[in-house]
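Topology and contacts: notes
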Amino acid sequence: MFTVKPMAIRQQEQHAAPAVELNGHPLEPNRCIPLNLDWIEEVRVNTSAVERRASTIDTRRSVKKQWQAAWLLRAIACMDLTTLSGDDSVERVKRLCAKARHPLQQHLVKGLGIEDLHLTTGAVCVYHAFVETAVKALEGTNIPVAAVSTGFPAGLSPLEQRVAEIRRSVEAGAHEIDIVITRSHVFNGEWQALYDEVAAFKEACGPAHMKAILGTGDLLTLRNVARASMVAMMAGADFIKTSTGKEAVNATIPVSLVMVRAIREYAERTGYAVGFKPAGGIKTAKQALTWLYVMKDELGRPWLEPSLFRFGASSMLADIERQLEHHLTGRYSAAYRHPIA
Ligand SMILES: O=C[C@H](O)COP(=O)(O)O
């Protein structure tokens, strides 16, 4: 059985969020800048090098015992706890919000000695129809509500309708809007159209943070992923996000490497920091650790904060709870003991 060292976990979790900087240069939040087609043209991706790097991430870094527990707590703090199913209901969303407020069972919180952390998930992510329910259920917390929008998941409804959908979710109280791009703009190389679309979405978001879902599984090449990332950032995206969870291929490590390197390049060129959200098919604590390693290695400590990093996940919390239980007791609990997670 592992020895629990709550202090190590508390120290990991409690230090103040670091200033956002890259290579010692301070960064500001992103804003819309003019489309620079040269930056798109210059994009090159060495696919085999990216795949090689992706396959060795877990062999380069490995955290164990109480340090692993601390990283898993961070994964929870950076999680958009999500439900995006056709059979979603008010009751399910209320249960999801209760879980977001108290993501770990009480005996785990006590056992880990983290009562004073008041750990919550990074956000709750729902369809527009449930924004008001979620806002109400999360009253008195700082947990933002994210709404998927703009004809999610395909993004193919008329533009005015997609823009109006954003406005309605913001009026209903959504703090974050997860938009989807028109994928054909990418594989047809229609960069101006893509930029105009994302910029229109950003304007409609007003004060709400915008995450731009690229639908990377539909984009055919890693170069397209890098180019779409760059355009979305120039159009003012606060976050770039891999997938809707509904494509045939969702978040992968090679795609994530390409996107976080685009974020780094954009930050070096502009001085603006953009966040990253891998989403879709991320189900295990082990996967969570791999993504956290990617963020730490490629962008540094500021990108391990919920302001710049989120997982989009509907079921990963259950596996994280099981791993934390194993950390405490040496035993794995059954998955059914972790509902709505
Ligand atoms: O944005 C979040 C995703 O839709 C969640 O996908 P998932 O259900 O595969 O975890």
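Everything discussed here concerns the structure shown above.
Anyway, here's the lowdown on the structure attached to this text. Here the structure is a predicted model, which is why all the values come from computation and not from measurement.

**A short note on the packing of helix α8 (residues 159-171) against helix α10 (residues 191-205)**
Two elements in contact, α8 and α10, have axes separated by 8 Å at closest approach and are oriented at 25°. By the angle between their directions, the pair α8 and α10 is classed as roughly parallel. Judged by the sense of rotation from one axis to the other, the crossing of α8 with α10 is right-handed. Where α8 abuts α10, its residues Leu-159, Val-163, Ile-166, Arg-167 and Val-170 lie against Glu-197, Ala-200, Phe-201, Ala-204 and Cys-205. Here the residues of the contact of α8 with α10 are counted per class, giving 8 nonpolar, no polar and 2 charged.

**Let's talk about the environment of His-185**
Mapping His-185 onto the fold places it in helix α9 (residues 183-187). The exposure class of His-185 is buried, given the 20 C-beta atoms found within 10 Å. On a C-alpha basis, the gap between His-185 and Tyr-195 in space is 9.4 Å, while along the polypeptide they are 10 residues apart.

**A few points about the site of the ligand**
Taken together, 13 residues surround the ligand, and among them Gly-245, Ala-279, Gly-312, Ala-313 and Ser-314 come closest. A breakdown of the residues in the shell around the ligand according to their chemical character gives 5 nonpolar, 8 polar and no charged.

**Quick word on the pairing of strand β8 (residues 209-213)**
When a strand is regular, its side chains alternate between the sheet's two faces. In terms of residue burial, β8 counts as a mostly covered element, since 5 of its 5 residues are buried. Side-chain alternation along β8 places His-209, Lys-211 and Ile-213 on one buried face and Met-210 and Ala-212 on a second face that is also buried. Pairing of strand β7 (residues 176-180) with β8, which is carried by 5 bridges, proceeds in the parallel orientation. Within β8, the position partnered with Val-180 by the bridge is Ile-213.

**Quick word on the sheet that holds β7**
What links the strands of a sheet is backbone hydrogen bonding, and the strands pair in either a parallel or an antiparallel sense. One open sheet accounts for 8 strands, arranged β11-β9-β8-β7-β6-β5-β4-β12; its pairing is parallel. Single-partner strands in this sheet number two, and they are β11 (275-277) and β12 (311-313). Between one strand and the next, the sheet's axes are offset by a mean angle of 25°, whatever the strand orientation. As paired elements, strand β4 (residues 79-82) and strand β5 (residues 123-126) share 3 bridges and run parallel to each other. When the bridges of β5 are listed, Thr-82 appears paired with Cys-125.

**Observations concerning the nonpolar core**
Ranked by internal contacts, the top residues of the largest apolar core, which has 101 residues, are Val-124, Ala-212, Ala-232, Ile-240 and Ala-288. With 10 residues, the top contributor of residues to this core is helix α12 (residues 253-270).

Definitions and limits used
- Residues numbered from 1 in each chain as written.
- Predicted model: local features only at pLDDT ≥ 70, side-chain atom pairs only at ≥ 80, totals over all residues.
- Axes fitted to C-alpha atoms, helices over the stretch in contact; angles between N-to-C directions.
- Helix = DSSP H or I, 4+ residues; strand = E, 2+ residues; numbered from the N terminus.
- Parallel < 35°, antiparallel > 145°, perpendicular 65-115°, else oblique.
- Left-handed = near helix turned anticlockwise from the far one by under 90°.
- Contact = placed C-beta atoms within 7 Å.
- Nonpolar A, V, L, I, M, F, W, Y, C, P; charged D, E, K, R; others polar.
- Buried ≥ 20, exposed ≤ 12 C-beta atoms within 10 Å, placed from the backbone.
- Near = placed C-beta within 6 Å.
- Pairing = 2+ DSSP bridges.
- Core = buried A, V, L, I, M, F, W, Y, C linked by C-beta atoms within 7 Å.

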